[in-house]
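# Notes for the structure review
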Amino acid sequence: MTKETLSSNISLPAEIICDRNSKITSLKVNTSGNWKLFAGTSVDNIDMSMPIIEGNSKGVIALSLPTSRRHYFLFNYSSEKVIISEKLLPMAGAHNLRDLGGVKTIEGKYVKWGKLFRGGELGKLTKEDQEYLNSISIKTIIDFRDYSEIEKMPDIELTMMNKRYHLPLAPGNLAGNTEINHEKLFSYDAHEIMINMYSEFISDPKCLNSYRQFFELIQNEDNLPLIYHCTAGKDRTGVATALIYAALGVDIESILNDYMLSNGFLEEKYRKVKNEHEFFKILLEVTPDFLLNTVRLINNNYSSIENFLIKEMSVDINKMKQIYLY
């Protein structure tokens, strides 16, 4: 099992893990006691007539399911039920493509599976990857990259997709730009560069406009299921995800835990370049400080993230919760 298939949400009683190459699905049980697992090809058609597997202990169990499409599951344990699916999608040709579903809110609700997906560039998807994503019926892709990034690595078109939006967040390109003159680049403080870049995400008028359009799109259910992405899927996409979770009532600790998962999911992608110089390691990873400083700036300027979302992003909090929470 590769590093990218390691546990991503141990707060859930069980998790679904898919190998990125073989796409073989496994169940990771994090709780003891009797349990049953039911499956379906969507949340609405999970077959409750008979469990596909049941047990009474913790462990990882391979499931005999077709690898060409995604499945959703209901895990029944101790008279409780929770819907689960794989957090990290099994993409051989992409890294860090994740479902926002399964995260618990302060109010005790869960973010819905199969609605919003976050990720990095989608230019190297294999045929099997495309088949898998088409089984989710992705309708919309939102691309935060600038024109030079898109020209270098255009997204592969998906069969079911009929809407594409380009909402550039230009400061984010710096984190992935390793073609700058190295001698000049190393004269800068990498941590400060990242802090400043994140600050621009929530202060630069062009960035604010891109995020504002983004929230307008995700508040329209006709655009779902939807993938939004940048190059690595960690900074521009990471801030967007943090704001979505905040709108849905997810606590800051859970938001940070999800944000930090990018380091493990991107390890293989950036291992070589990070080993060349510590400077690149800072640029190509995330730290809590990047996001927490952004939250502090929002709180200082808008009193709260909720005020920022409502006043600056035109977010209808109640509508977001109706669309995205179980």
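Residues numbered from 1 in each chain as written. Predicted model: local features only at pLDDT ≥ 70, side-chain atom pairs only at ≥ 80, totals over all residues. Heavy atoms only, no water.

## With respect to the pattern of salt bridges
Evaluated as defined, the whole model comprises 21 salt bridges. Ionic pairing is found between Arg145 and Asp143, a salt bridge with its closest N-O pair at 2.8 Å. Taking relative accessible area as the criterion, Asp143 reaches 3% and is therefore assigned buried. Shared partners join several salt bridges into a network, and the residues in it are Asp143, Arg145, Asp155, Glu157 and Arg164. (Salt bridge = Lys/Arg side-chain N within 4 Å of Asp/Glu carboxyl O. Buried < 20%, exposed > 50% of the residue type's maximum accessible area, 1.4 Å probe, protein only.)

## Quick look at the pairing of strand β2 (residues 25-29)
For β2, a buried count of 4 out of 5 residues is recorded, marking the element as mostly surrounded by other parts of the structure. As paired strands, strand β1 (residues 14-18) and β2 are joined by 5 bridges and run antiparallel to one another. Looking at the pairing, Cys18 lines up with Thr25 of β2. (Helix = DSSP H or I, 4+ residues; strand = E, 2+ residues; numbered from the N terminus. Pairing = 2+ DSSP bridges.)

## Describing the packing of helix α8 (residues 252-265) against helix α11 (residues 288-302)
Where α8 contacts α11, the axes come no closer than 10 Å and their chain directions differ by 140 degrees. Taken together, the axes of α8 and α11 lie oblique to each other. Considering only the axes of α8 and α11, their crossing is right-handed. Contacts between α8 and α11 pair Ile252, Ile255, Leu256, Tyr259 and Met260 from the former with Pro288, Phe290, Leu291, Leu292 and Val295 from the latter. Residues that form the contact of α8 with α11 fall into these classes: 10 nonpolar, no polar and no charged. (Axes fitted to C-alpha atoms, helices over the stretch in contact; angles between N-to-C directions. Parallel < 35°, antiparallel > 145°, perpendicular 65-115°, else oblique. Left-handed = near helix turned anticlockwise from the far one by under 90°. Contact = heavy atoms within 4.5 Å. Nonpolar A, V, L, I, M, F, W, Y, C, P; charged D, E, K, R; others polar.)

## With respect to the side chain of Arg145
Mapped onto the fold, Arg145 is located in the loop between β10 (140-143) and α2 (147-152). A residue is classified by how much of its surface remains accessible, and Arg145, at 0% relative accessible area, is buried. Only 2.8 Å separates the side chain of Arg145 from the side chain of Asp143, close enough to count as a polar contact. Not counting the four nearest positions on each side in its chain, Arg145 is found in contact with Glu121, Ile150, Met153, Pro154, Asp155, His166, Pro168, His229, Cys230, Thr231 and Arg236. (Polar contact = N/O pair within 3.5 Å; in protein donor to acceptor, adjacent residues only side chain to side chain.)

## Quick notes on the sheet that holds strand β11 (residues 163-166)
With mixed pairing, the 5 strands of this open sheet are ordered in space as β8-β9-β12-β10-β11. Both outer strands of the open sheet, β8 (98-99) and β11, are each paired with one neighbouring strand and no more. Pairing of β10 with β11 involves 4 bridges; the strand directions are parallel. Looking across to β11, one finds that Asp143 is bridged to His166.

## Things to note about the environment of Thr31
When you line up the elements, Thr31 lands in the loop between β2 and β3 (35-40). Separated by 42 residues in the primary sequence, Thr31 and Phe73 place their C-alpha atoms 16 Å from one another. If we skip the residues at most four places from it in the chain, Thr31 touches Pro13, Ser57, Lys58, Phe75 and Tyr77.

## Examining the sheet that holds strand β7 (residues 80-84)
Read across the open sheet, the 4 strands follow the order β4-β3-β6-β7; overall the sheet is antiparallel. The open sheet has two edge strands, β4 (53-55) and β7, and neither has a second partner. Within the sheet, the average angular offset between the axes of one strand and its neighbour, ignoring direction, is 20 degrees. The pairing of strand β6 (residues 72-77) with β7 spans 5 bridges and is antiparallel. Looking at β7, one finds that Asn76 is bridged to Lys81.

## Description of the confidence of the model for the protein
For any part of a model where pLDDT is low, the fine detail of the predicted coordinates should not be relied upon. Summary statistics for the protein give a mean pLDDT of 92 and a share of 92% for residues scoring 70 or more. The model gives residues 1-10 a pLDDT under 50, and that stretch makes 25 contacts with residues more than four places away or in other chains. Here residues 174-181 scores under 50 on pLDDT; set against residues more than four positions off or in separate chains, the count is 14 contacts. (pLDDT = per-residue confidence, 0-100.)

## Focus: the packing of aromatic side chains
If you walk through the whole model with that rule in mind, you get 12 aromatic pairs. An angle of 65 degrees between the planes, with centres 5.3 Å apart, marks the rings of Phe144 and Phe214 as edge-to-face. Separated by 70 residues along the polypeptide, Phe144 in the loop between β10 and α2 and Phe214 in helix α6 (residues 205-218) bring together distant segments of the chain. For Phe144, a relative accessible area of 0% puts it in the buried group. A ring pair is formed by Phe214 and Phe215, whose centres lie 5.4 Å apart and whose planes are at 75 degrees; its orientation type is edge-to-face. Assigned by exposure class, Phe214 and Phe215 land together as buried. Taken together, the aromatic side chains of Phe144, Tyr198, Phe201, Tyr211, Phe214, Phe215, Tyr228 and Phe290 make up a single cluster linked through ring pairs. (Phe/Tyr/Trp six-rings, centres within 6.5 Å; stacked < 30°, edge-to-face > 60°.)

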